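As a plain string of letters, each chain reads:
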Amino acid sequence: MTNTILLTIVFLKSSLQRIQSKYYEDAEKNKSLRRIVYIILFAFLAGIIGFFSSNIIDALEQSNQETIFIGLILFLVLMVTVIQVIFSSINILYFTKDTESILPLPLKPYQIILARTNVIIIVQYFIEIIVGLIPLAVYGFKMDLGPMYYVPVIITLILLPILPIILISLIVMILMSFSKITKNRNKFQLFTTFLVLAVAIAFSIAMVKIDEQSISDAQMAQMMSKANSMIEMIKGYFPTLKYSINAILSNDIMTMIIEFVKVVGISLVAYIVYAILSQKLYFKGLVGSLFSGENKKKNKKIKLGVKRKNIGRMYIGKEFKTLLRNPVYLVQCILPAVLLPILCIVLIAISLDEATINDILNYLSQINADGVVLLAILGIIQFFSMITYISITAISRDGKNAVFMKYIPLSLYKQYIYKTIPNIIMNLFSIVIVLAVSKYLVDISILNMIVVFVIAMIMNIAQSFLLLIVDLKRPKLQWNSEYAVVKQNFNLIFPMVFSLISIGILALYAETTQLISVYIVLGMIAAIYLLIAVLVNIYMYKRQNELAGKIE
Amino acid sequence: MENNIILKKVSKEYKDFKLNDISFNVPKGSVVGLIGENGVGKTTTIKAILNIISSQGTIIVLGKDNKKYEQEIKQEIGVVLDDSFLSDYIDIKKIDSIMKDFYKNWDSKKYFNYIKKFKLPKDKMINDFSTGMKMKLKIITAISHNPKILILDEPTSGLDPVVRNEILDIFREFIAEDEERSILMSTHITSDLEHISDYIVFIDNGHIIFNLPTEELLENYGIVKCKKEEFEKIKKEDYIKYKKEKYQYEILVNDRFKFKKIYPINTIDRASIEDIMLFYIKGENK
Amino acid sequence: MIEIKNVSKSYVKDVKSVDSLNLEIKNGEIFGFLGPNGAGKTTTIRMITGILEPDGGDILVDGYSIRSNPIEAKKRFGFVPDNPDIFLKLKGIEYLNFLAEIYNVPIEKRVERIENLTKKFEIYQNLNSTIESYSHGMRQKIVICGALISNPKNWILDEPMTGLDPKSSFDLKEMMREHTKKGNAVFFSTHILDVAERLCDRVGIINKGKLVFVGTFEEMKAKFKEETSLEELFLEITEND
């Protein structure tokens, strides 16, 4: 037994630390800062969930149905577990890197399997804290309940995920032993990321729609009781859920113990059956993902593309290929620039109706705010460029390969320009979309559109170059996972900072449009940013070698 | 039982690669080196022995079938594969406490002695070790439970001569301590094999090309350089392979002393393992 | 021809990773650069290729200074770094085309060279797959092909044999010999003394930032007056410092 526990600890450490601090070789520096950030984020999240829970409980209290809440939350935990585990089990069971080094060790197969499964369960616990513990704690607090409530709640949260995780893992193993998914780890992870995105988008659309029809407490309670009857029905299929709820709701210790014994009994039986069955299934599918032979695929005719493109196009092409073909960069760098503007349009389209639009238009024409509108459009464009993380990661994304820039016979200055252009191009998306929407909503003139476009591009260019210089001065080249560059990178603050400064400048100037013609204002803004762009370029040219000093 | 490992007609078929009827032995007290190009079957053979992949044929390790007695066998084998260790985020002491429970014969004292001898840092995580240190640690871990067999896949790749030497010394000590032990290692670095292996098994395209004692290869094999007219006078059974160069022929013979007695050609040199391999890969048949 | 003139580099104050290095790699020779890890080999190579700026001194490639005329100097060498995990998301053919463009390889020659090089190293049929799908040896080969595609006069290779199978190793060595016979220079670092002995015209051994020996193997054996193996010589040279 101790073997299994030891293994579990080893696996856990690997997974958690891999996620956390060991992306960088100099991770120690920011450890405490990062911990503070995590705590703040957690408190924030806890606050929101607590708030919503409180509201729902109040609504239920009105019709004396508050006890439904417990069943509701536990059901939610179950659902979240099921969905989440489907993906994490595949990752943890089949796609961890240390598999090859484990297999030669004198371990019984069930020990390896159970250790891995334990990791899945423990990871689930973390999620349960947010989705389950907080709401239930709020409930306990509001209803002024004592240990007779909290103890069974905690026991439930510990026991509840076991059965679904076992079932899902078994199904996953059966599937994996037949299919060939194991070979396409990248594609699988891309697929799950898209799925999560799609769900997130659907969810936010749903939220917006719900928000529209402000729900009264009575309506809320009605919805909840409908949900509850559905849950009653489903409870029949999940005995552990039923017994757990009974245990929590019971008033005497005997009943509680009996209910829990039932839960423990079922889970234990499942665990043992799992240990036996999985041994036959797991390794069949696992081994398929291990073969790393040379890829001797006979390709179709090799296209030796010899059409001459100029070096600029090829270099920029190379940058884009790296961005598009790498799932992490695709999702973190390219997609936001494309999706966010579209998403916003969709949300606006849903939430605004004809009447509101007309109101806005009337108001605008009344205060004769042409100038402000143009500046506002520029401000919105700035808002969208906050999340274009291409320039700011242009050097860091190359990682240990960044030195390539220095030994090829191509001037560093030109390479800096080629590396910035993708950022400029991606911002173009939001610029075009915002202008198109403005044309539709506010009907600005063609002349104004062109003016705004030109100025937006000048700002775009200036900021993109500035961001590149930031990355050159503070590159993150020692990483083991792309996530370190696009998520855990302090430099990612800079696009936001620059955009906010720009928005600030625009806002300041907005004040002045009452007095001066807006075109003069726009001209001044254009001049400022043009100057910045030119100065930055001169700086990059004169100091090309020093700027590359950190790349080695 | 003279052999620690016996492979009989081991085969494995993948989509575009086949391991074909591999048969060879790893005798007690010997070091067997596996050489061959990338992707031709060295790693596959090792994985088959460890039962990490399934295969046809028979593999007997320490007198037992490797499929039926997998657990028992694994207690007696030390393995060093060419990838990351158990986890990058543990340290030396943690490895000791883990391995103590996995292996019945784990010898903590020996483990820590080696750690001290090679001055490996006790308080750092494996992640922070240099490549050379990681390899030394993997090997030390593999031998600290006193296994009968040590199996290694590319143990010295990318290491500088100083470190490689230290590692080869560890291997020599390992064999010297107990004459029942064997080592099976695959490598590219033929000079290492020349130093330490007793037998060399050359695998190419899923087949065994030769399986011979190192000494024979180094001492008896030779390369004859001669002109076309001289080449045509040589009988086919007296050489193995030949290569046609620009101005001369090069021939691989397996007994240069005998050859010299028969043919009056002066330029017969010793052959290195690499030369011999290249003759088999690039040379032409009779 | 590569001239290293009095080059020094310190990472940490008062500790010189490379100390007043003077070395000339002549045309027509294969020069092997040896030394234990941490001796300054990698630092030296990085300075030659322009990745690292020397604190003092200069390096000339075919007469062009890497400090004052970097682009011209860089056109004149092909570099194979020790880490072949480069541009993993590009297909082999895209990588080669990219380098061909950077080094300005004439169009008529591109197809021919790509075909010749990749067929020789037997990776021609993998050109349409991404480098990510290649094994370590294949990645090494594609990087070598990339460095040679412009047929540069000077080859600088950092541990090129690591991970190469014997046949490709052999082919590369043959190519190195042919290249120097035409009057060009090859500079490479390696750990495998055996290879160095059979291949190099001259060797340089660096230890703790200083060049402790430059010359042919015969000269090395004569100087150290031992009939011992090369490895023992090497260990002695590097341990006696």
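What this report covers is the structure whose coordinates are included nearby. (Residues numbered from 1 in each chain as written. Chains lettered and ligands numbered in written order. Predicted model: local features only at pLDDT ≥ 70, side-chain atom pairs only at ≥ 80, totals over all residues. Heavy atoms only, no water.)

Notes on the packing of helix α3 (residues 92-102) of chain C against helix α4 (residues 107-120) of chain C
Residues and elements named next belong to chain C.
Thinking step 1. Two elements in contact, α3 and α4, have axes separated by 11 Å at closest approach and are oriented at 130 degrees. As the angle between them shows, α3 and α4 are arranged oblique. As α3 packs across α4, the resulting crossing turns out to be right-handed. In this structure, α3 uses I93, L96, N97, A100 and E101 to contact α4, whose residues at the interface are R110, I114 and T118.
Thinking step 2. Residue classes in the contact of α3 with α4 are distributed as 4 nonpolar, 2 polar and 2 charged. (Axes fitted to C-alpha atoms, helices over the stretch in contact; angles between N-to-C directions. Helix = DSSP H or I, 4+ residues; strand = E, 2+ residues; numbered from the N terminus. Parallel < 35°, antiparallel > 145°, perpendicular 65-115°, else oblique. Left-handed = near helix turned anticlockwise from the far one by under 90°. Contact = heavy atoms within 4.5 Å. Nonpolar A, V, L, I, M, F, W, Y, C, P; charged D, E, K, R; others polar.)

Description of the interface of chain A and chain C
Thinking step 1. Opposite the 38 residues of chain A that make contact, chain C presents 44 residues.
Thinking step 2. Counting the contacts that link chain A with chain C gives 2 salt bridges.
Thinking step 3. Contributions of two or more residues to the side of chain A that touches chain C are made by α12 (311-325) and α16 (404-407) of chain A.
Thinking step 4. If you tally residues by element for the side of chain A that touches chain C, the top one is α12 of chain A, at 7 residues.
Thinking step 5. Each residue belonging to the side of chain A that touches chain C can be placed in one class, and the counts come to 14 nonpolar, 9 polar and 15 charged. (Salt bridge = Lys/Arg side-chain N within 4 Å of Asp/Glu carboxyl O.)

Comments concerning the state of the cysteines
All names here are of chain A.
Thinking step 1. In this structure the tally under the stated criterion is 0 disulfides over all chains.
Thinking step 2. Between C344, a free cysteine, and C333, which holds the nearest cysteine sulfur, the sulfur-to-sulfur gap is 19 Å.
Thinking step 3. C344 gets classed as partly exposed once you look at its relative accessible area, which sits at 24%. (Disulfide = S-S within 2.5 Å. Buried < 20%, exposed > 50% of the residue type's maximum accessible area, 1.4 Å probe, protein only.)

Section: the packing of aromatic side chains
Thinking step 1. Counted according to the given criterion, the structure contains 28 aromatic pairs over all chains.
Thinking step 2. Measuring from ring centre to ring centre gives 4.7 Å for Y407 of chain A and F79 of chain C, while their planes differ by 85 degrees; the resulting arrangement is edge-to-face. One end of the pair, Y407 of chain A, is in helix α16; the other, F79 of chain C, is in strand β6 (residues 77-80), on a second chain.
Thinking step 3. Cluster of aromatic residues (ring-pair linked, three or more members): Y315, F404, Y407 and Y418 of chain A together with F79, F87, Y95 and F98 of chain C.
Thinking step 4. Taking NZ or CZ as reference, R116 of chain A lies 4.3 Å from the ring centre of F11 of chain A, over its face.
Thinking step 5. The cationic tip of K119 of chain C hangs over the ring face of Y124 of chain C; the distance from NZ or CZ to the ring centre is 4.6 Å. (Phe/Tyr/Trp six-rings, centres within 6.5 Å; stacked < 30°, edge-to-face > 60°. Lys NZ or Arg CZ within 6 Å of the ring centre and 35° of its normal.)

Limitation: the analysis is restricted to geometry and does not speak to function.
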